[in-house]
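One-letter residues, chain by chain:
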Number of protein chains: 2
Amino acid sequence: MQFHHHGYVSGDPRVAPAAGVGLDRPAELPDEVDVLIVGSGPAGMLLAAQLSQFPDVATRIIERRDGRLVLGQADGIQPRSVETFQAFGFAERIVAEAYNIAYMNFWGPDPEHPGDIVRTARTEDYAFKISEFPHLIVNQARVLDYFAEAAAHGPGRIAPDYGVEFLGLAVHETGEYPVEVRIRHTAGPRAGEERSVRARYVAGCDGARSGVREAIGRTHVGGVSLHAWGVMDVLVNTDFPDWRTKCAINAEAGNILLIPREGGYLCRVYVDLGAVAEDDAHHVRHTPIDQVIRRANEILHPYALDVRQVAWHSVYEVGHRVTDRFDDVDPGDGRAPRVFLTGDACHTHSAKAGQGMNVSMQDGFNLGWKLGHVLTGLAPASLLETYSAERQPVAQQLIDFDREWSSLMARKPEEISDPAELATFYLGTAEFPSGFMTQYGASAIVGDDAHQALAEGFPLGKRFKSAEVTRVCDGNVIHLGHHARADGRWRIYAFADAPAAGEASALADWADWIASPASPLARCTPEGADVDAVFDVKVVYQQRFDEVDLGRVPAAFRPTSGPLGLTDWEKVYAAGPDGWRAADAFAERGLSRDGVVVVVRPDQYVAAVLPLTATEELTDFFAGCLLPQREAAPAQPPASTTSRPVARVIPT
Amino acid sequence: MQFHHHGYVSGDPRVAPAAGVGLDRPAELPDEVDVLIVGSGPAGMLLAAQLSQFPDVATRIIERRDGRLVLGQADGIQPRSVETFQAFGFAERIVAEAYNIAYMNFWGPDPEHPGDIVRTARTEDYAFKISEFPHLIVNQARVLDYFAEAAAHGPGRIAPDYGVEFLGLAVHETGEYPVEVRIRHTAGPRAGEERSVRARYVAGCDGARSGVREAIGRTHVGGVSLHAWGVMDVLVNTDFPDWRTKCAINAEAGNILLIPREGGYLCRVYVDLGAVAEDDAHHVRHTPIDQVIRRANEILHPYALDVRQVAWHSVYEVGHRVTDRFDDVDPGDGRAPRVFLTGDACHTHSAKAGQGMNVSMQDGFNLGWKLGHVLTGLAPASLLETYSAERQPVAQQLIDFDREWSSLMARKPEEISDPAELATFYLGTAEFPSGFMTQYGASAIVGDDAHQALAEGFPLGKRFKSAEVTRVCDGNVIHLGHHARADGRWRIYAFADAPAAGEASALADWADWIASPASPLARCTPEGADVDAVFDVKVVYQQRFDEVDLGRVPAAFRPTSGPLGLTDWEKVYAAGPDGWRAADAFAERGLSRDGVVVVVRPDQYVAAVLPLTATEELTDFFAGCLLPQREAAPAQPPASTTSRPVARVIPT
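Residues numbered from 1 in each chain as written. Chains lettered and ligands numbered in written order. Predicted model: local features only at pLDDT ≥ 70, side-chain atom pairs only at ≥ 80, totals over all residues. Heavy atoms only, no water.

Here we look at the relation of the copies chain B and chain A
Overlay of chain B on chain A (RMSD 0.0 Å): rotation 180 degrees, translation along the axis 0.0 Å. The superposition operator between the copies reduces to a two-fold rotation axis. Taking C-alpha positions as reference, the residue of chain B nearest the rotation axis is Glu 92 of chain B, located at 3.1 Å. A shared binding surface is used by both copies, with 100% of the interface residues of chain B retained as interface residues in chain A. (Least-squares fit on C-alpha atoms with pLDDT ≥ 70 in both. Contact = heavy atoms within 4.5 Å.)

With respect to the interface of chain B and chain A
At the junction of the two partners, chain B supplies 83 residues and chain A supplies 83 residues. Interface area for chain B against chain A, summed over the two sides, is near 7200 Å², with a carbon-plus-sulfur share of 53%. Between chain B and chain A we count six salt bridges in total. Put simply, Glu 124 of chain A and Arg 581 of chain B hold a salt bridge, and the shortest N to O gap is 3.1 Å. Here chain B and chain A share 32 residue pairs in polar contact (both at pLDDT 80 or more) between them. For the side of chain B that touches chain A, the leading source of residues is strand 16 (residues 305-323) of chain B, giving nine residues. Across the side of chain B that touches chain A, the residue classes tally to 39 nonpolar, 23 polar and 21 charged. (Buried area = accessible area lost by both parts, 1.4 Å probe. Salt bridge = Lys/Arg side-chain N within 4 Å of Asp/Glu carboxyl O. Polar contact = N/O pair within 3.5 Å; in protein donor to acceptor, adjacent residues only side chain to side chain. Helix = DSSP H or I, 4+ residues; strand = E, 2+ residues; numbered from the N terminus. Nonpolar A, V, L, I, M, F, W, Y, C, P; charged D, E, K, R; others polar.)

Thoughts on the confidence of the model for chain A
Residue and element names in this part refer to chain A. For chain A, the average pLDDT comes to 92, and 96% of its residues sit at 70 or higher. A low-confidence stretch, residues 633-652 (pLDDT under 50), is modelled with 42 contacts involving residues beyond four sequence positions or located in other chains. Two numbers describe this predicted complex: its pTM, 0.94, and its ipTM, 0.92. (pLDDT = per-residue confidence, 0-100.)

A short note on the side chain of Asn 139 of chain A
Within the secondary structure, Asn 139 of chain A sits in the loop between strand 7 (136-137) and helix 5 (140-153). The class for Asn 139 of chain A is buried, based on a relative accessible area of 1%. A polar contact is formed between the side chain of Asn 139 of chain A and the backbone nitrogen of Ala 141 of chain A, at a distance of 2.9 Å. At 2.3 Å, the side chain of Asn 139 of chain A and the side chain of Tyr 8 of chain B are in polar contact. Beyond its immediate chain neighbours, meaning those up to four positions away, Asn 139 of chain A contacts Val 70, Leu 71, Gly 72, Ala 74, Asp 75, Arg 261 and Glu 262 of chain A together with Tyr 8 of chain B. (Buried < 20%, exposed > 50% of the residue type's maximum accessible area, 1.4 Å probe, protein only.)

Structural notes on the packing of helix 2 (residues 79-88) of chain A against helix 8 (residues 356-375) of chain A
Residue and element names in this part refer to chain A. At a minimum axis distance of 10 Å, the contact between helix 2 and helix 8 shows a crossing angle of 40 degrees. The pairing of helix 2 with helix 8 is recorded here as oblique in orientation. Where helix 2 crosses over helix 8, the handedness of that crossing is left-handed. Where helix 2 approaches helix 8, its residues Arg 80, Ser 81, Thr 84, Phe 85 and Phe 88 are matched on the opposing element by Asn 358, Met 361, Gln 362 and Phe 365. For the contact of helix 2 with helix 8, the class distribution of residues is four nonpolar, four polar and one charged. (Axes fitted to C-alpha atoms, helices over the stretch in contact; angles between N-to-C directions. Parallel < 35°, antiparallel > 145°, perpendicular 65-115°, else oblique. Left-handed = near helix turned anticlockwise from the far one by under 90°.)

Some details on the sheet that holds strand 15 (residues 267-275) of chain A
Residues and elements named next belong to chain A. Spatially, the eight strands line up as an open sheet ordered 6-5-13-14-15-12-16-18, and their pairing is mixed. Of all strands in the sheet, those bounded by a partner on one side alone are strand 6 (117-124) and strand 18 (347-348). One ladder, built from 16 bridges, connects strand 12 (residues 220-238) with strand 16 (residues 305-323); its direction is antiparallel. Note that in strand 16 the partner of His 220 across the bridge is Thr 323. Against the sheet, helix 7 (residues 289-300) touches strand 6, strand 12, strand 13 (246-251), strand 14 (254-260), strand 15 and strand 16, its axis set at about 90 degrees to strand 15. (Pairing = 2+ DSSP bridges.)

Comments concerning the sheet that holds strand 26 (residues 596-600) of chain B
All names here are of chain B. Spatial ordering of the open sheet is given by 20-19-25-22-21-26-27, a layout of seven strands whose pairing is mixed. Only two strands of the sheet have a single partner each, and these edge strands are strand 20 (477-479) and strand 27 (606-610). Taken over all neighbouring pairs, the strand axes of this sheet differ in orientation by 30 degrees on average, direction set aside. Examined bridge by bridge, strand 21 (residues 490-495) and strand 22 (residues 535-541) share six bridges and lie parallel to one another. Within strand 22, the position partnered with Ile 492 by the bridge is Val 537. The strands that helix 15 (residues 615-623) touches are strand 21, strand 22, strand 26 and strand 27; relative to strand 26, the one it contacts most, it runs at about 10 degrees.

Listed below in structure tokens is the structure:
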């Protein structure tokens, strides 16, 4: 965590100084906004937290409910989501309070007494092998609390406008704020009042029955199966020994998916209620809780549940639906999109793979920086076309995966030939439910793979998988990727060739170039902004950290910035040798010993892999997705050498 | 983290439900309180956070300053303090924002150009070897913020009374509230008003010029040396390559101790100002900051500092003082103490070993639970005599250590025969500055060492060094000691003998006994309280976690409690085998394979080590420090078998 950069900070460093529209944020929802987010679920709240990092963008988030969510339905948190929380600054806190999935156990009928269940397999959770982040269970309401805090503590100081209902919208062809949104105040002094708000962009994060989706004429394709499940969050006493372990239970009497919840006592139980008659007309949704509990006891036989409190319960039929496009533009419209759909508004499915909240958050993460870039003039509006193009296929994959998983979960024992099949499927597909299978195709923001061989471990279009390196300035082993926060900046990692710092090398040439007026850094960073305002450039040497002479490291990796012109010491890292304090990141990620440049998007996806010598290709890449901010620029603000302020003393 | 235990919790689980005096805490300082804490520094704030866990004790903390501390002077955080923060629930947050000391480097004169300095040694910080917790640097003001949050979120809902100055006190011989304290309001509507507050106990946490110390007639023994240091927190640019590494610099021009601070930019610099004339009369304290910076530049030659901002600075002469007793009782007084001294009020020394704040916090941790126990009737007032008896020798050791360290730091190069001596001293004494050398002698709360051989790794009187174990209910590897929070409870760890759960064993016999009306658990737990309200009893088996059949684990380790009579699943652990997911705690801590009972105090110090068969000794131990609450008691509340409430549904 870096702070004190603009002078001494006494309080919580997680609270950024207010800036831009955050300095004097109107308490009332104004008539004109840059971005109007409809709905404060996981996608909407992440989007708000992200846009709070762009304080020159006026963002508001409206929510029909009159306050904070009290009971959330989603609870599964993929490692990729924890990685995302890390970027937003609250991973360590949510990990401390969540249930950490260590094992998933499988139960089936006892061959000798088929009416009883026995444990058939224990499998260590996939998260242990796939990521440095855990696989968690925690109430959606708490996830929203943390994003709300991040939104409120960002320089944009964003807080939800509760008690405001979306009624409809129209996209006009002209005007600075072309989206006209009808809303109704449902709480507070203006309750009952209807009015219009004009926005440059609207994000529909308003759930499965999305009004925004309906307003832009998109339809949810798919349907509901004829199979019902009861779900309950319960506090119980039981003799079932795996009550605190995630379990798939496949009994003669039906199926249970058991998910222990945070806090050591609560569990979520999905109880198979079986097939639903074709003419049921959703009558099954009124199944009383006592009946769900009774069914759960039948399935768990010979074990029994003594339910002490039901915190929440529901009955649902599994549905699988996905929207064809996630924005308001059709091919040939000849304009960039103005309205976007995220989360349940464009993909709904069963809850049992624990995917929904996670994929929704990645929708928000994908969209947030793009809106920020376009609205601050860093990128052209066409950048926004990549949102639907990237996220719609992910949603389709999710639906396909979930359909398979939920039908596997709902089988009868006699339909199962191999008792280990479910466990095998669970482990074999681990990368998908962990959230790491997403790979965006080539586009203006994902380069071609001509040089992928230089960095096999950083596949283009997949999220940048962090590796441990040693920070040269202080010898701390840190995760390179964890230094990258959700601040809307691009990351450029220069992995050095073999020569040491200060010697002639491809890296040294690259460093001279990146600091020159010809580089995309100079070209795409706004006049007057800090040299690292848009691009965070870091170097990783192959040597041991104590063999890197900081005094000889190129100036590009020791930039000065901020009002005090202070040197940033945290741009220089060392990778080697393997096993000495950490793994060798070059070996671990298959990086060329001749060096390689890896470009990572603000949402953590790998955008380009290039040789150190490919400066022209790097220039072309950014020319394809960012707008020039100036024709020529000084290589480095010369703050540290030319201006030498007298020491200022802050009175104590 | 355990919650939902009394029903579903929607919000931040770190905020405990208010209870006792926390339910309706008066905004104004009342005329009568149980505990009056004078001063809101590290000792006082920890004490407040601890007593917030005893909501039946009316505790107030007064502070002359009119609000939160803005700039603190202390910044060194021992691993033992981070361990303490863990118990108070904020370690992961403070670690995320602090500077983590990985290395300490040493610099001395270049043999060829003695006016220049060169690096003479790099030493990996001791914290890596000595604890699972890091060695941090973070502003005292932030430490106080976190303790303030813990105090406010505890059931007692304690917040400092700012703007209240201590004037004096008198201890009367009679009355329920025998300590009469004179105070003056220095801020707010009552500013200027003087009044009396009566307290049962007073803790003087009011710093080096303690008014409480003076009021009880204790004197600070020791003096000030004739050697001055300048200290400054500065934001600089520099070519000194180790600016972000802790360094001891021993130059011809003098000495510097360099401590990088949190946030990546700020550093604390202690600059040797040399000997002070005998007739100086503290004139040196007025040394201007420019002169301190000039001296720093002379020492760092050939490197240079370009100071951009001075956040704080001071000049001091090293002093070493310790108070002879830390309470208001002299031998033969025939009464228990009523007034206590903590922190700088009873021990002052140089800042450079980074000890002061740490030792002060341990003073508070030692005293807090004792006051809580006595004031809730769990323990006799004589327990309070152990505070001074235990903490005064620790302070004396601290003064001795610091005197040696600070004189080593202040030597001239020609006084140093072995350049590695300082590094050797630093590493060789690591256990002390880490905070783990403290060992309390035998007393009513530290048993005799007759059976120490059964648990060599848990020395009596030293703090319980946590070990990793696997939680049986869910397969998570966790640190056994981290489950113990600063909640004022005693921990009893039953390390099992070899037989498996359910088989005849010494452990099974012990479990029957501890759950019987004859046990100290039954005898010392108040009527109507939860079975684990005073004692948290856990078991650690020698088997793999997946070989422990939870259904056969004795009921003593699966207690039910709370209004819903819910089973606690987090009392049963497994240690083996070594290297499978974790180390074998039996091997790692030298525990007898015949089993052993380890009793740990609420402040985490090992109180007793006994064989599983020594039930009489365990009874005697607790009879010596706790008061009987009842003559006979049921072994276990029979909640889960006899009362079976109908499922209650919380409306959503």
